[in-house]
Amino acid sequence: MREFICTRPACFVFGCFIFSSFCLSAFFIICAETAYPAVIYALIAAFLSVSVFLFVFACRKKGKTADFLEAFRIRTIALSLAAVSLSIIMQYICFAAVPKITIKKYAGQSSEIKYTIQECVSFSSYSSIYKIRINEINGNRTMLGGLLISDFETDLSVGETGYVTGLISENDSIDDYVVSLISFASEGRYLKIEAQEGSFECRTDSHSIGSVIARFRQRLSSVVDLRVGQKNSGLVRAVMLGDKSGLSDSLTENFRRLGASHLLAVSGMHLLELLMSRTALSVRTRRFFIVLSSVLFAALTGFSPSILRAAFMLIISKAAFTFGREGDSVTSLFTAVAVLIVIN
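Figured I'd write up the structure that's included with this text.

With that settled, consider the nonpolar core. Nonpolar side chains in soluble globular proteins tend to be buried together. Grouped together as the largest cluster of nonpolar side chains are 31 residues, with contacts concentrated most on Ile132, Ile134, Leu148 and Phe200. Those elements that provide at least two residues to this core are α2 (9-30), α3 (37-59), α4 (65-106), β1 (110-123), β2 (128-137), β3 (140-150), β4 (160-170) and β5 (189-195). If one sorts the elements of this core by residue count, α4 sits on top with 7 residues. One finds Val13, Phe17, Ile18 and Ala338 within the second-largest nonpolar core, a separate group that totals 8 residues.

Here it is in structure tokens:
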């Protein structure tokens with residue numbers, strides 16, 4: 001542990017932040033009722049106090065090389081405690097305070113909602129579930145996510161925006177309670193709207209960047225289905241677009257048994273890097289285009305977590321080489337995951 005702190009201090013700090021974030025987010029989501037604010041504030045104050053004390057103590061430590069290394073380790077531990085404090089603040093706000101306020105304010109009301117369709121979760125002739133962005137509730141602008149549920153046939157499309165009247169309630173789950181609760185909370189989808197039949201109005205295509213990318217991705221998937229055929233299009237879409245909805249259960253299980261299921265998420269990015277490495281451009285120019293391609297590929301695949309993690313790792317690695325530093329995959333991984341947690 002002492003060697004790891006000295007050789008990879010950033011990894012240790014980010015690792016503490018990541019581990020505490022995962023544990024705290026799960027705790028606040030599942031056991032929100034027991035998250036007393038006074039206890040949370042006391043924990044934050046305790047971690048910050050110890051962090052400041054250790055940092056000041058390390059700064060006053062002078063002398064031999066051994067003392068310098070010891071002070072370096074103490075400073076790293078102090079920064080790690082500060083990172084844990086930041087994690088407590090972030091997770092409490094995102095998964096305890098904000099959901100409680102949001103649900104109390106809107107749940108139980110039949111309201112007119114302006115929506116934008118982000119993704120189709122399930123669809124049939126008698127019901128449908130969509131992930132949506134809630135733009136307005138009764139004319140008041142919001143920045144919320146939610147689920148739009150109907151018990152009748154709909155013809156909504158990804159990227160579409162419009163108005164619907166429905167009953168707002170707390171978003172609990174679809175199948176597995178704990179898994180779906182964590183999944184929806186991580187996306188900020190605390191509300192679900194049960195749409196009233198015949199209440200959809202003013203339906204138009206949204207022109208936001210996210211909606212344009214979503215529609216382009218959907219059309220590209222249709223082209224792949226048409227050109228490749230239904231039998232092989234699922235694998236091509238998974239590799240090139242990060243869309244694994246068309247993979248058969250047997251193929252997914254075969255990849256999982258081989259321990260290669262992660263390749264389906266990042267194969268397209270690896271292919272882009274391979275193609276760029278074959279060009280006659282200078283090294284610096286190739287690195288620039290590889291970074292640009294990874295960002296565009298992440299956008300094309302809908303900014304899924306696995307793609308974003310790979311893109312951030314690639315960007316950090318190329319940036320290190322560009323500035324004359326040696327790339328380190330472990331540091332890139334920890335940094336990428338920490339950045340994703342902050343963004344999310």
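This brings us to unusual backbone geometry. Of note in this structure, Asn138 is not a glycine but carries a positive phi near 55 degrees. One can find Asn138 in the loop between β2 and β3. One non-glycine residue, Cys202, adopts positive backbone phi at about 50 degrees. Looking at where Cys202 falls in the secondary structure, it is placed in strand β6 (residues 201-205).

Mapped onto the fold, Thr142 is located in strand β3. Under the relative-accessibility criterion, Thr142 is labelled buried at 12%. Reaching out from Thr142, the side chain makes a polar contact with the backbone oxygen of Ile134 at a distance of 2.6 Å. Those residues in contact with Thr142, other than ones at most four positions away along the chain, are Tyr106, Ile134, Asn135, Glu136 and Ile137.

With that settled, the discussion passes to the packing of aromatic side chains. One pass over the full model with this rule turns up 3 aromatic pairs. Ring centres 6.4 Å apart and planes at 80 degrees place the aromatic pair Tyr41 and Tyr92 in the edge-to-face group. Linking Tyr41 in helix α3 with Tyr92 in helix α4, this pair joins segments that are 51 residues apart in sequence. For Tyr41, a relative accessible area of 52% translates into the label exposed. Assessed through its relative accessible area of 12%, Tyr92 is described here as buried.

Rules used throughout
Residues numbered from 1 in each chain as written. Predicted model: local features only at pLDDT ≥ 70, side-chain atom pairs only at ≥ 80, totals over all residues. Heavy atoms only, no water. Core = buried A, V, L, I, M, F, W, Y, C linked by side-chain atoms within 4.5 Å. Buried < 20%, exposed > 50% of the residue type's maximum accessible area, 1.4 Å probe, protein only. Helix = DSSP H or I, 4+ residues; strand = E, 2+ residues; numbered from the N terminus. Polar contact = N/O pair within 3.5 Å; in protein donor to acceptor, adjacent residues only side chain to side chain. Contact = heavy atoms within 4.5 Å. Phe/Tyr/Trp six-rings, centres within 6.5 Å; stacked < 30°, edge-to-face > 60°.

No statement about biological role is implied by the geometric values presented.
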